Amino acid sequence: MLRDRDRCDAMIATHDGVYYDYSRQRVTAETMDLLFDLAERQMLTDRIRGMFGGDRINFTEDRAVLHTALRAGREGIGTVFVDDGVDAIREVHDVLDRVRRFTDAFRSGEITGYTGKRMRNVVSVGIGGSYLGPEFLHEVLKTEAVGISTSLGYDLRFLANVDPVDVERTCADLDPEETLIIVVSKTFTTAETMLNARTMRQWLWDFMGDDADVVRRHVVACSSVSATERVRAFGIDTDEGMFRFWDWVGGRYSVCGAAGAVPISLMYGYDLFEKFLEGARSMDQHFLNAPPRKNIPIIMGLLGCWNSSFMGYSSRALIPYAQALLRLPAHIQQLDMESNGKRINRHGVEIDYPVGEVDFGEPGTNSQHSFFQMIHQGQTVPVDFLGFVRSQHDLLMDNEKLSSHDELMANFFAQPDALANGKTADEVRAEGCPEELVLHKVFDGNRPSSSLLFPELSAYVTGQILSLYEHRTAVQGFIWDLNSFDQWGVELGKKLALDVKEHLMEARNSEVGDHEIIADNPATSRIMNYYIKNSRDAVGVGGLSNPGTSATSVTRKTHKDHFPPQINDLGGHSGRLS
Ligand SMILES: O=P(O)(O)OC[C@H]1O[C@H](O)[C@H](O)[C@@H](O)[C@@H]1O
């Protein structure tokens, strides 16, 4: 099919400098017709309009889904209206105007720290959607031409993990007197973020004294309107130091709001952040207005459904040929897997077809030397290749025929064809391969991928990329009939962690050294008691002891006896864990 010029010509879509080639997907013109029919049956365009128009499509939380309003410009896109009387566009611009003023005051030195020093360091404390988006954008802007000059003299870091080592790594060499802390949390209740926020507040107090003004001058919050009281209780000035967002912005869709605006603007200036919003807006307009057959996010979403539900490929990879996009895959992973990792459709019925892929990725070419072996010869993993016409910084050394960016891009062009074409046994033999090794060197090919080519990795283009992937996720959710905007799955883990913390506290507070934890089940009790015992012993008695070995060796023997496992064998021995 790849040699069919008409087919290849038909499988390209473009918008505002973005070039999307899906000719290496396993689809014919007829497949595409059927997918567009499916989109019509699922009333895709109506549902897209409903999202932009403020319909409460996140019905399990009774919320509209209006992250597109965050970058809609003052004129708005679609008919954005929130039915409790709040004008979303006006609210958004009120906050963005405040971010701009605060940024200017911070960067001009008008705002100083508690001891009068100018603040130049920013630590953004948040996790999940309150972290991954801003971090991916920060990584892009670090090496972007404007970003390099506007960030000179400033430092932005992210503190996400509740691991105390993350705190240590984040602020070991920072001067608290010159540091502003941003607590980014939609709910202002997330356990990890709140502990890290308290830790950072204590860090400020330890250096500057336990004074309420230290917090007012050194800590600001990006949080939802409904969390205002909690923000105030933390000691933050909610008039000057709180940048709000709304329940109609999901955490994983919040980078275009205060969650991204505040840290990124403080580091790079507001104007550069605005370019990012403009890029996202351009793609939003395309998504809302372009006919489905020319609409890049719609086509990407339909192909996602095709690969997952029809072809049965349960994972997919995102490979940007740009080192500055190193955190894009992690952001899209959360965005997509939290959105579409569901099992009940919007009619309350259990889904009996595959939905929701495992998303992963790393920049090319590093990924080629890591997991690409599997993508070429193991399980089939559809790939999105992202490339750029111009590099943020190209290099052409004396005696080299190609620039370093050309070298990078040679891989961007070669990998999709290698995956699609593979290599036959005859081709391997023709290279003089000994017969017994031929099969090891055969590539079956026929492995799907898409290529996205952008002009260059600017703030604007990064906005386009973000919007593309946000809308791909929404399209797949609409086609699959899911609510892509809630995340009840995360709640159970949070609740169980609270129960476990109770047990740990009892054990730590117990006067008796051999206090035994009785947790939900023997396995959890055993591992927690092992942890408590060894963390007590570890001080002074010489490290951790070995876990009981008998159970381990029995398990090993069982696995060995059944190797290689057959589905039926395992079926007979499996069971419910609860
Ligand atoms: O912003 P927060 O309220 O602190 O939430 C942080 C994160 O918490 C959970 O992990 C949710 O599943 C994420 O969607 C959210 O982004």
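Residues numbered from 1 in each chain as written. Predicted model: local features only at pLDDT ≥ 70, side-chain atom pairs only at ≥ 80, totals over all residues. Heavy atoms only, no water.

Q: Quick question: what am I supposed to make of the environment of Arg-7 here?
A: Within the secondary structure layout, Arg-7 lies in helix H1 (residues 5-10). The spatial distance from the C-alpha of Arg-7 to the C-alpha of Leu-132 is 38 Å, given a sequence separation of 125 residues. Not counting chain neighbours up to four residues away, the residues in contact with Arg-7 comprise Met-1, Leu-2, Ser-23, Gln-25 and Val-27. At a separation of 2.9 Å, a polar atom in the side chain of Arg-7 contacts the main-chain carbonyl oxygen of Ser-23. (Helix = DSSP H or I, 4+ residues; strand = E, 2+ residues; numbered from the N terminus. Contact = heavy atoms within 4.5 Å. Polar contact = N/O pair within 3.5 Å; in protein donor to acceptor, adjacent residues only side chain to side chain.)

Q: I tried to follow the sheet that holds strand S10 (residues 383-390) on my own but got confused; where do I start?
A: Think of a sheet as strands paired side by side through backbone hydrogen bonds, with each pair either parallel or antiparallel. In spatial order, the strands read S1-S2-S11-S10-S8-S9; together these six strands make up an open sheet with mixed pairing. Strand pairing shows two members of the sheet lacking a second neighbour, strand S1 (12-15) and strand S9 (358-360), which therefore form its edges. Averaged over neighbouring strand pairs, the angle between their axes works out to 15 degrees when direction is ignored. With four bridges connecting them, S1 and strand S2 (residues 18-21) associate as antiparallel partners. Residue pairing in the sheet places Ala-13 in a bridge with Tyr-20 of S2. Along the sheet face, helix H18 (residues 459-480) touches S1, S2, strand S8 (315-320), S9, S10 and strand S11 (449-456) and points at about 150 degrees away from the line of S11. (Pairing = 2+ DSSP bridges. Axes fitted to C-alpha atoms, helices over the stretch in contact; angles between N-to-C directions.)

Q: Hey, could you run me through the sheet that holds strand S5 (residues 179-184) in this one?
A: Read from one edge to the other, the open sheet built from five strands follows the order S4-S3-S5-S6-S7, with strand pairing classed as parallel. Here the strands that pair on one side only, and so sit at the sheet edges, are strand S4 (155-159) and strand S7 (242-245). The sheet shows a mean angle of 15 degrees between the axes of neighbouring strands, taken without regard to direction. Bridge analysis of strand S3 (residues 121-125) against S4 gives five bridges, and the strand direction is parallel. Considered in S4, the bridge of Ser-124 is made with Phe-158. Together, S3, S4, S5 and strand S6 (219-224) form the strand contacts of helix H8 (residues 191-208), whose direction differs from that of S5 by roughly 160 degrees. Together, S3, S4, S5, S6 and S7 form the strand contacts of helix H11 (residues 258-268), whose direction differs from that of S5 by roughly 165 degrees.

Q: Would you mind showing me how to read helix H13 (residues 296-310) here?
A: In an α-helix there are 3.6 residues to a turn, and that puts residues three or four apart on one side. For H13, which comprises 15 residues, the first-to-last C-alpha distance of 20 Å matches the rise-based estimate of 21 Å (1.5 Å per residue) to within 8%. Counting buried residues along H13, 14 of its 15 residues qualify, which places the element largely inside the surrounding structure. Where H13 terminates, the next one or two residues include Gly-312, which has phi positive at roughly 80 degrees. (Expected span 1.5 Å × (residues − 1). Buried < 20%, exposed > 50% of the residue type's maximum accessible area, 1.4 Å probe, protein only.)

Q: Where do I start with unusual backbone geometry in this structure?
A: Peptide bonds are trans in most cases, and residues, glycine excluded, mostly fall at negative phi. A cis amide bond, omega 5 degrees, links Gly-364 with the succeeding residue Thr-365. For Thr-365, the position within the fold is in the loop between S9 and helix H15 (372-377).

Q: For this particular structure, what's the right way to read the pairing of S8?
A: Regular strands have side chains that alternate between both faces of the sheet. Counting buried positions along S8 yields six of six residues, so the element is predominantly enclosed. Here S8 shows no split at all, with Ser-315, Ala-317 and Ile-319 on one side and Arg-316, Leu-318 and Pro-320 on the other all buried. Bridge count between S8 and S9: three bridges; the pairing is parallel. When the bridges of S9 are listed, Arg-316 appears paired with Asp-359. Taken together, S8, helix H14 (residues 328-340) and S9 constitute a β-α-β crossover, and its handedness is right-handed. (Right-handed = clockwise from strand over helix to strand, strands pointing away.)

Q: Before we go on, may I ask you to explain the site of the ligand in this structure?
A: What surrounds the ligand is a group of 14 residues, the closest being Ser-130, Ser-185, Thr-187, Thr-190 and Glu-338. Within the contact set of the ligand, an oxygen atom lies 2.6 Å away from a side-chain nitrogen or oxygen of Ser-185. When isolated, the ligand has an accessible area of 390 Å², and the protein chains bury 90% of it. Sorting the residues of the shell around the ligand by element identifies H14 and helix H19 (489-509) as the ones contributing at least two each. Residue classes in the shell around the ligand are distributed as two nonpolar, eight polar and four charged. (Near = heavy atom within 4 Å. Areas by Shrake-Rupley, 256 points an atom, 1.4 Å probe, with all protein chains shown as cover. Nonpolar A, V, L, I, M, F, W, Y, C, P; charged D, E, K, R; others polar.)

Q: How should the packing of helix H4 (residues 88-108) against H11 be read in this particular structure?
A: Angle between the axes and distance between the axes are the two parameters that describe a pair of packed helices. Packing of H4 against H11 leaves a shortest axis separation of 9 Å and a crossing angle of 25 degrees. The orientation of H4 relative to H11 falls into the category roughly parallel. With respect to the hand of their crossing, H4 and H11 are arranged in right-handed fashion. Across the interface between the two elements, Val-95, Leu-96, Val-99, Phe-102, Thr-103, Phe-106 and Arg-107 from H4 touch Ala-258, Ala-261, Val-262, Ser-265, Leu-266, Met-267 and Tyr-268 from H11. Split into classes, the residues belonging to the contact of H4 with H11 amount to 11 nonpolar, two polar and one charged. (Parallel < 35°, antiparallel > 145°, perpendicular 65-115°, else oblique. Left-handed = near helix turned anticlockwise from the far one by under 90°.)

Q: How do you make sense of the nonpolar core when you look at a structure like this?
A: When a protein is soluble and globular, its nonpolar side chains tend to lie buried together. Leu-325, Leu-452, Ile-465 and Tyr-469 are the most contacted members of the largest nonpolar core, which has 108 residues in total. If near-sequence neighbours (up to four positions away) are discounted, Leu-325 is found in contact with Phe-136, Val-140, Pro-320, Leu-386, Phe-388, Leu-457 and Ile-465. Formed by 25 residues, the second largest nonpolar core is a distinct cluster that contains Cys-171, Leu-174, Ala-227 and Met-242. (Core = buried A, V, L, I, M, F, W, Y, C linked by side-chain atoms within 4.5 Å.)

Q: Please explain the side chain of His-138 as it appears in this structure.
A: In this fold, His-138 is placed in helix H5 (residues 132-142). Setting aside residues no more than four positions away along its own chain, His-138 makes contact with Leu-156, Phe-158, Ile-264, Met-267 and Tyr-268.

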